[in-house]
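Spelled out from the first residue to the last, the chains are:
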Amino acid sequence: MALLEVTNLSITFGGLRAVDNFNLTMEKGELYGLIGPNGAGKTTVFNLLTGVYKADEGLIKLDGLDITGHRTAEIDRDGIARTFQNIRLFKDLPVIDNVKVGLHNQFNYSTAESMLHCGRYHKVEKEMDEEAMKLLGVFDLDKERDYLSANLPYGKQRKLEIARAMATKPKLLLLDEPAAGMNPNETAELMETIQLIRDKFDMTILLIEHDMKLVSGICEKLTVLNFGRILAHGDTKDVLANPEVIKAYIGE
Amino acid sequence: MRKTQKKTLITYAIVIIAYIILEIFMKAGLMSSHLKGLLVPMVYYAIAAVALNLCVGILGELSLGHAGFMCVGAFSSAIVSQLLSGAIPDALRFILALIIGVVISALFGMLIGIPVLRLNGDYLAIVTLAFGEIIKNILNSIYLGVDSAGVHLSLKSQMALGLADDGKVLINGAMGITGTPQDSNFTIAIVVLLISLFIVQNMIDSRDGRAIMSIRDNRIASESVGINITKYKMTGFVVSAAIAGAAGVLFSHNIATMQATSQYFGYNVSIMILVYVVLGGIGNIRGSVIAACILYLLPELLRGLNKYRMLIYSIVLIVMMIINWSPALRDKRDKLRKKLMKGAGHGAA
């Protein structure tokens, strides 16, 4: 059974059909790329998948469960985590607390225990610290645990955002232009990180990207969007050789 | 983790040391009765500032009606104290009044929060502003009495209550509540302040607190990691309202005749508390306490200077703002602090 099944997803803003009849099937463990020119509707697809927008039509199934119409917070609990095109960290919180917010729903103690620091507080906090440090270690951020996240260099902020998303234990990870604004070195490092997540957590990843080197380097399959419609989809090599795709990207 | 724990411990230490010093001054008779009378108000404004900082600095929602929550706490606890006065031991009665004042303020916080905290934007500021004024005006026009037949309520006059001979007027309209037992003293106020600090600082360093601060920093991201936005906004706001209510309880048990006037519970008071919070540093709980104490005492202590009083007060406001918010000065302050810490470390070694 496919991990993610999206059928006939559509949304209209005013008179503009931003996403039209979008279909996508992803198997567990796949690394899938979503590409397309600016304004093609890629981020809108992400926002539909994560419940930021409500689809006018269509069905989203995750692991066999219908999650269409769920709210954003619910969808994260269902198992889809994401990062953002313009980094959205909790900038006044330390690095470790960013990850601990991600761990929020896997650990539990009551509000009274929060206020009084009694009961399960100390034990659970310790477990959360350990879990968060483990994740930070994977992303090579453990030395910066007490930095304010706003003070991290750009590349590390991206990594922290991915770490925070991973902390929610998702089944599917959505990365929205992870390489945006990165220099070639940082991009190369990012590619390693993405590979690492796949190997280490056996993660299924859907990513939006403009950096063709990254896309052709790591994505196994691609879907190309243009004006809200699917232009082509299939194996990366075939899609990138498709004359329609080249036309949409580079012009004739 | 260790760093935040150290920070909170320092806050408690500062409060306790300041308390001991002031107590010694009082016992030694070095304090004028005027100054003595200022100590309890100073502490309950500090508590209100802690409460408002939880709302503004930690939750990131502007409230302009915290004097309204103080008002609710003050009146509800005063009524409880009046009803039970003489019936049960004083200490027990005050604790009961405190709990009821806090709970009712929290309820009002919840009532306001349910519709408003679902929205994003500055709606809370407007609604709380209105709430503060409405509650003040309602309490100004209510006549409430109790006798053997039960509770009597009127909006007209004291006579309209039609109380029996054994009756007792609780709220006398614009004349307010008279004769609430004077239970508040400096020690009790400091204990309530320490409890408020304990709750707020603990909360900041916990699962709930992190969720609340994540909403402040980035609501969309917070939602995307599965945080229930409405629930945690509500938690923060209700706790903030409850603590403001506790400040109100201290207020009502410190004043012989309490009226719901602008002087005590008006818009100006809410803004004054906000000034304490902003100048003490938004999100800086310890700063709120210090700023509230300095800024409350200053105009009172400067009374002797008469003409120049407000001038000096405003200069202090400006200087505090610059010290707390200018990046260059903040850097210098942090460096100085590090140096001092290092120096102390060497000294110890």
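Keep in mind it's a predicted model, so treat the numbers as computed, not measured. (Residues numbered from 1 in each chain as written. Chains lettered and ligands numbered in written order. Predicted model: local features only at pLDDT ≥ 70, side-chain atom pairs only at ≥ 80, totals over all residues.)

## Description of the overall build of chain B
So, point 1. Along chain B, the regular secondary structure elements total 14 helices and 5 strands.
So, point 2. The C-alpha atoms of chain B give a radius of gyration of 21 Å, which matches the 20 Å a tight globule of 349 residues would have.
So, point 3. Its C-alpha atoms give chain B principal-axis dimensions of about 75 × 60 × 40 Å.
So, point 4. Split into buried and exposed, the 349 residues of chain B put 45% on the buried side. (Helix = DSSP H or I, 4+ residues; strand = E, 2+ residues; numbered from the N terminus. Rg over C-alpha atoms; globule rule 2.2 N^0.38 Å. Buried ≥ 20, exposed ≤ 12 C-beta atoms within 10 Å, placed from the backbone.)

## Observations concerning the overall build of chain A
So, point 1. Counting secondary structure elements, chain A contains 10 helices and 10 strands.
So, point 2. Whereas a compact globule of 252 residues would reach a radius of gyration of roughly 18 Å, chain A reaches 19 Å, a difference of no more than 12%.
So, point 3. Across its three principal directions, the C-alpha atoms of chain A cover 65 × 40 × 35 Å.
So, point 4. Out of the 252 residues in chain A, the part that is buried amounts to 45%.
So, point 5. A fraction of 66% describes how many contacts in chain A between residues 6 or more apart in sequence connect residues 24 or more apart. (Contact = placed C-beta atoms within 7 Å.)

## What about helix 7 (residues 207–217) of chain B?
So, point 1. With respect to burial, helix 7 of chain B is a largely interior element, 11 of its 11 residues being buried.
So, point 2. If you check which residues of helix 7 of chain B are buried, you get Arg207, Asp208, Gly209, Arg210, Ala211, Ile212, Met213, Ser214, Ile215, Arg216 and Asp217 of chain B.
So, point 3. If you follow the buried residues of helix 7 of chain B, they end up packed against helix 3 (95–102) and helix 4 (111–116) of chain A together with helix 2 (33–58), helix 6 (186–204), helix 8 (219–224) and helix 9 (229–252) of chain B.

## Comments concerning the interface of chain A and chain B
How big an interface is tends to be reported as the loss of accessible area on association of its parts.
So, point 1. Taken residue by residue, the interface counts 30 residues in chain A and 25 residues in chain B.
So, point 2. Secondary-structure elements contributing two or more residues to the side of chain A that touches chain B are helix 2 (72–78), helix 3, helix 4 and helix 5 (121–138) of chain A.
So, point 3. Tallied by class, the residues present in the side of chain A that touches chain B amount to 10 nonpolar, 9 polar and 11 charged. (Nonpolar A, V, L, I, M, F, W, Y, C, P; charged D, E, K, R; others polar.)

## Remarks on the nonpolar core
So, point 1. Core analysis: the largest hydrophobic core is formed by 174 residues, its most contacted members being Ala46, Ile47, Ala48, Ala49, Val50 and Ala247 of chain B.
So, point 2. Not counting residues within four places of it along the chain, the set of residues in contact with Ala247 of chain B comprises Tyr44, Ile47, Ala48, Ala51, Met70 and Gly73 of chain B. (Core = buried A, V, L, I, M, F, W, Y, C linked by C-beta atoms within 7 Å.)

## Comments concerning the packing of helix 2 of chain B against helix 11 (residues 267–280) of chain B
Residue and element names in this part refer to chain B.
So, point 1. Contact pair helix 2 / helix 11: the axes reach a minimum separation of 9 Å and the direction vectors enclose 70°. By the angle between their axes, helix 2 is roughly perpendicular relative to helix 11. Note that helix 2 runs across helix 11; the crossing there is right-handed. From helix 2, Tyr45, Ala48, Ala49, Leu52, Asn53, Val56 and Gly57 reach across to helix 11, where they touch Ile273, Leu274, Tyr276, Val277 and Gly280. (Axes fitted to C-alpha atoms, helices over the stretch in contact; angles between N-to-C directions. Parallel < 35°, antiparallel > 145°, perpendicular 65-115°, else oblique. Left-handed = near helix turned anticlockwise from the far one by under 90°.)

## Concerning the sheet that holds strand 3 (residues 31–35) of chain A
Residue and element names in this part refer to chain A.
So, point 1. Judged by pairing direction, the sheet is mixed, and its 6 strands sit side by side in the order 6-7-8-3-9-10 without closing on themselves. With partners counted over all chains shown, the strands left at the sheet margins are strand 6 (80–82) and strand 10 (229–235), one partner each. Going from strand to strand, the sheet's axes swing by 20° on average, the running direction of each strand aside.
So, point 2. Of the strand pairs in this sheet, strand 7 (residues 172–176) and strand 8 (residues 204–208) are connected by 5 bridges, and their pairing is parallel. Within the sheet, the bridge partner assigned to Leu175 lies in strand 8 and is Leu207.
So, point 3. With respect to the sheet, helix 10 (residues 243–250) is in contact with strand 9 (221–226) and strand 10, its orientation differing from that of strand 10 by roughly 125°. (Pairing = 2+ DSSP bridges.)

## Observations regarding the sheet that holds strand 2 (residues 16–26) of chain A
All names here are of chain A.
So, point 1. Read from one edge of the open sheet, 4 strands run 2-1-4-5, paired in antiparallel fashion. Two strands bound the open sheet, and with one partner strand each, they are strand 2 and strand 5 (65–66).
So, point 2. Direction of pairing for strand 4 (residues 57–62) relative to strand 5: antiparallel, over a ladder of 2 bridges. Paired with Lys61 across the strands is Asp66, a residue of strand 5.
So, point 3. Contacts from helix 1 (residues 42–49) reach strand 1 (4–13), strand 2 and strand 4 within the one sheet, and its direction differs from that of strand 2 by about 65°.

## What about helix 3 (residues 66–84) of chain B?
Each turn of an α-helix holds 3.6 residues, which means side chains three or four residues apart point in the same direction.
So, point 1. Its 19 residues place the ends of helix 3 of chain B 27 Å apart at the C-alpha level, agreeing with the 27 Å of an ideal helix rising 1.5 Å per residue.
So, point 2. Across the 19 residues that make up helix 3 of chain B, a large majority, 17, are buried. (Expected span 1.5 Å × (residues − 1).)

## Quick notes on the confidence of the model for chain A
Note that predicted coordinates carrying low pLDDT should not be read in detail.
So, point 1. On average, residues of chain A score 92 in pLDDT, and 99% of them are at 70 or above.
So, point 2. Looking at the elements of chain A, mean pLDDT is at its lowest for helix 10 of chain A, recorded as 82, and at its highest for helix 3 of chain A, recorded as 96. (pLDDT = per-residue confidence, 0-100.)

## Some details on the pairing of strand 2 of chain A
Where a strand is regular, its side chains alternate between the two sheet faces.
Residue and element names in this part refer to chain A.
So, point 1. Bridge count for strand 1 against strand 2 is 7 bridges, and the pairing is antiparallel. Looking at the pairing, Phe13 lines up with Leu16 of strand 2.
So, point 2. Connecting strand 1 to the antiparallel partner strand 2 that follows it, the hairpin turn spans 2 residues, and Gly14 within it adopts a positive phi of roughly 60°.

## Comments concerning the confidence of the model for chain B
So, point 1. Residues at a pLDDT of 70 or more form 97% of chain B, whose mean pLDDT is 89.
So, point 2. Interface confidence in the predicted complex, given as ipTM, is 0.91; pTM for the same model is 0.91.

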